[in-house]
Amino acid sequence: MTVFYENFERHAHGEGLKAHSTHYCPGCGHGLAHRYLGEAIEALGIQDRTVAISPVGCAVFMYYYFDVGNSQAAHGRAPAVALGHKLANPESIVISYQGDGDLASIGLAEIMHAAQMGLPLSVIFINNATYAMTGGQMAPTTLIGQKTATTPEGRTTFAGQPLKVAELMAQLDGPIYVERVALYDNKQRVKARKAIEKALRLQVEHKGFSFVEVLSECPVQLKLDPVEAQAWVKANMAPVFTLGVKKDTSADATPREWHRPSFDPELLMGQIGASPDHPERHAAGFPVHLDADDVSLKLAGAGGDGAQTVAALLTEAGIREGFDATHIPSYGPESRGGTSYADVHIAREEVLSPASPDPHVLLAFNALSLRKFGPSVRPGGVILYDSTVAEAPPAVAEGVRVLGVPFARLAHDLGAAVVKNVVALGALQAATGLFPPATLRTALARHLAKKPELLPLNEQAFAAGVEAVARLMAR
Amino acid sequence: MSPRARPDAPHPHLTSAYCKGCGRCVDACPKHCIEPGTAIDPLSGLVPVTLDLEACTACGLCYEACPEPFGLHPDDEQHAWELSDPKEHFGPRRESSAPVAVDRPSRLIPLPSDLAPLIIKGTYASAIGALLAGCRHFFGYPITPSTEGAELMAKVLPGLEGVFVQACSEVATINHMYGCGGAGLRTMTFTSSPGLSLMLEGVSYMIGAEVPGVIVNIMRGGPGLGNIGPAQSDIRLVCRGLGHGNTHAIVLAPANPQEMLDLTMLAFDLAFAYRNPVVVLGDGYLGQVTGKVALPDHLVEPGLPAWAVYGDREHRRNLISSIELGEADLEARNLELQAKYDRMTANEQRSDSFRCEDAEVLLLAANTPARMAKAAVQRLRAQGVKAGLFRPVTLWPFPMDALAALLPQARRLMVVEASLGQLEDELRLALSHAGVAHPPIEHVQHTGGVLPQPDEIVQAVLRQEGAR
Ligand code: SF4
Ligand code: SF4
Ligand code: SF4
């Protein structure tokens, strides 16, 4: 058979007999499953594009034998590795091959989720009711009463009950073909060969996920000779793990279509929102009246107040004006409705520490934020707060201007409570002169580029904030 | 079942040495042509069956029952092993008939030079860096504070005909990467500290099997569930503990959104240059902080390396595996890997320095704490202290060569970090290996999501200077 290497070079460096003999014990079912896989690969003419995933277990060295692309996976992970290969090259035919401990115990999550994805993959599951490679411990498929190294008195239900994996797979929506076969006589071997070929053919046709469970003999761990082991599997395993097709919707399966990844620069630029720079600068220079090099702001409220949006607009404005700017959010433990704070820096050259422990400007949307951060505003700074819901803080540093503007009420008067943060943005502009109004209006328009119908309302809200501060300052 | 007479089907043939005497064929033959043997085969030491094909109908059931690929087989196949000379049984060695693959190089595609800088958070910058580096296969499991990078990938990749998979766990994630990277493709994930812990087995496999991949780890506070605050809690893990065995990976430590993009792009090149995973190590702050990010002048259309198990004829010979059964083989393998780590150490040290030229007080910091340390340097300089910042950009390999050049003039080294000495340990280990003299090492440390602030760094330095 050409699908097997002419010499098993990887088997003990291909020395002597090992160049043509498997590492499996006499009569092991793995060898038969390999034979049928090899025959199927040959019959389907897919040797060149087959990738076989070797598991951990007795079949760990499956890659010694098949002259196909080979990859060796960690214990339990063969289906996850197989998916990686399949998604990398959908034209490849990927075979995930695992034993019972590997697939049905440590790797149960991987096989279930791979199955549910339903991608064209062929899974061969060797069930020999024992952990064979590690010396015959209990497997998830060990029968009740069966003695193993870790169930010396025989498995009881306390050790769990035999997992019927083919039935489990058949319950899932993902697979299109699930069959359990055996190797213990000529008739079963013919069925096994056909099932394995079908599992591969469905992948060649891009149809879907196929799963073949093979009841297999491990004469060594059963402590039987191989022919007795065949009889044991027939008498003991087959009644529990019933043979036959458990699911087959392959006739209705439509071939999956695949696309090649794109490296088109235009497409990528569009996806990440990159566009040529048309600087629209409105500021005459850095707002040195606030700080010579680095203005820090804190915007604080509850989730939903819009503090993060104001922060994002200020950051964008700063960068578009040619400065450096950063915005770092912090949220309370409640993911919704909890606190929502944002630290913003606008720096002439480079923002160093992005945090604002002692901001020049505080914008507080509620009383809690005002109380918490009001005292931290540095001397000569500005505090703006929503006077709809909060009262002026008792203690602030020297020379701090405190301005209460009814953000919520002004927004309410405009008929849209959600724009209170834009009212606040307008108020912040007027109170601090951080940027010219045009800078922030541009940022606002950019922010609403996909919802231009909302721009007039937002413009009104911004203006309302500006006017409210102008009135306060005129007093 | 009745035996099928297949006139076209050949009779069975057996080379005794390849028979393990299991008896499956004996049981399978309806015509009782096969008998358990009695004589030990001198080559195998096993007892092969004997064939008497008088009654054989060439039904083929016997060889369909034989588990050995070179065991019982149809007689029409002509193989070298049928020659009688035992030497011919095992040679001449014929390898796979598949060709030997060659590297297909990557292609750089220019981008317009007048692109506006993006204003994005660190995780987005890293995701975009990966896209520009030609990564079209993303696997991940949501974990705060790294998830937004994955979310951006989920949004963007379908439009590029790429693949986004939300895996069932971090364990599955890293194994998807093992498969996809093993196929020779550029693949990545975003994770955060507990998620990385879960991935470590797979990372060790990737290193052992020499599978490239990029892991962006946005560190949070530990141990255990800890919290989602910014921390540098995994420095030891990524520099010294990438799973079991003799493992190392290049660890890149960005300090701002721009570097999140630049270093993620670089990570892919390094991962493929060395056939090894690369870790981009950020802190929670860096993942969240929005800043200005300039785009590079090109994007990458990746080629395909010769070693890939891509699933085509050209790459059929290849194997991705980390198993080496023989002790001598595994030792040799580890020495090869070690030589590779040595090459990384010699060639990939990266660092940045700020006002180090005459610095007597050398601050050493990475990631976000390096920004605070830089601010502290400015304030110290304003107060007449000759301070400078040395910032390792690779935490492994530690940029000892560049640091060593600054040590003779330094009176004091101060490590600023968001962990309780993990960065300092890397420094001390590097100093010890390099065997260079160094001044006393002080530190400013925080943990649990608290970051060192410029003022306390300044105070710490001034305290030390005052004590001089
Ligand atoms: S221990 Fe069992 S499963 Fe493993 S190779 Fe031997 S017979 Fe096969
Ligand atoms: S081909 Fe059929 S009849 Fe001939 S030896 Fe094999 S099983 Fe028996
Ligand atoms: S089935 Fe194969 S290995 Fe087993 S006894 Fe027959 S020829 Fe030998």
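Only a predicted model underlies this, so the values are computations on that prediction, with no experimental measurement involved. (Residues numbered from 1 in each chain as written. Chains lettered and ligands numbered in written order. Predicted model: local features only at pLDDT ≥ 70, side-chain atom pairs only at ≥ 80, totals over all residues. Heavy atoms only, no water.)

Q: Just to check I follow, could you spell out the interface of chain A and chain B for this structure?
A: Interfaces are often sized by the accessible area lost when the parts come together. Listed as interface residues are 105 residues of chain A and, on the opposing side, 99 residues of chain B. Summed over both sides, the interface between chain A and chain B buries roughly 8700 Å², with carbon and sulfur atoms accounting for 59% of that surface. By the criterion of area lost to chain B, the three top residues of chain A are His20(A), Phe263(A) and Leu352(A), representing 9% of everything that side buries. At the boundary of chain A and chain B, one finds seven salt bridges. One salt bridge connects Arg193(A) with Glu64(B), and the closest N-O pair in it is separated by 2.8 Å. Here chain A and chain B share 39 residue pairs in polar contact (both at pLDDT 80 or more) between them. Examining the composition of the side of chain A that touches chain B, we find that seven residues originate from one element, helix α2 (residues 78-88) of chain A, more than from any other. Here the side of chain A that touches chain B is composed, by residue class, of 50 nonpolar, 33 polar and 22 charged. Bridge count for strand β2 (residues 69-72) of chain A against strand β16 (residues 319-320) of chain B is two bridges, and the pairing is parallel. If you follow Ser71(A) over to β16(B), its bridge partner there is Ile320(B). (Contact = heavy atoms within 4.5 Å. Buried area = accessible area lost by both parts, 1.4 Å probe. Salt bridge = Lys/Arg side-chain N within 4 Å of Asp/Glu carboxyl O. Polar contact = N/O pair within 3.5 Å; in protein donor to acceptor, adjacent residues only side chain to side chain. Helix = DSSP H or I, 4+ residues; strand = E, 2+ residues; numbered from the N terminus. Nonpolar A, V, L, I, M, F, W, Y, C, P; charged D, E, K, R; others polar. Pairing = 2+ DSSP bridges.)

Q: In this structure, what is going on with the environment of Asp103(B)? I would like to understand it.
A: Residue and element names in this part refer to chain B. Take aspartate 103: it is sitting in the loop between α3 (86-89) and β5 (107-110). Placed 203 residues apart in sequence, aspartate 103 and alanine 306 show a C-alpha to C-alpha distance of 4.4 Å. Setting aside residues up to four positions removed in sequence, aspartate 103 forms contacts with Leu304, Pro305 and Ala306. At 2.6 Å, the side chain of aspartate 103 forms a polar contact with the backbone nitrogen of alanine 306.

Q: Please clarify how the sheet that holds strand β19 (residues 387-392) of chain B should be interpreted in this entry.
A: The pairing of strands in a sheet comes from backbone hydrogen bonds and takes either a parallel or an antiparallel form. Residues and elements named next belong to chain B. The five strands are arranged β17-β19-β18-β21-β22 in an open sheet whose pairing can be described as mixed. Two strands lie at the open edges of the sheet, namely β17 (351-354) and β22 (441-445), each paired on one side alone. The mean inter-strand angle of the sheet, taken between neighbouring strand axes irrespective of direction, is 20°. Bridging between strand β18 (residues 361-364) and strand β21 (residues 412-417) involves four bridges; their strand directions are parallel. Bridge assignment links leucine 363 to a residue of β21, and that residue is methionine 414. (Axes fitted to C-alpha atoms, helices over the stretch in contact; angles between N-to-C directions.)

On their own, these measurements won't tell you what the molecule is for.
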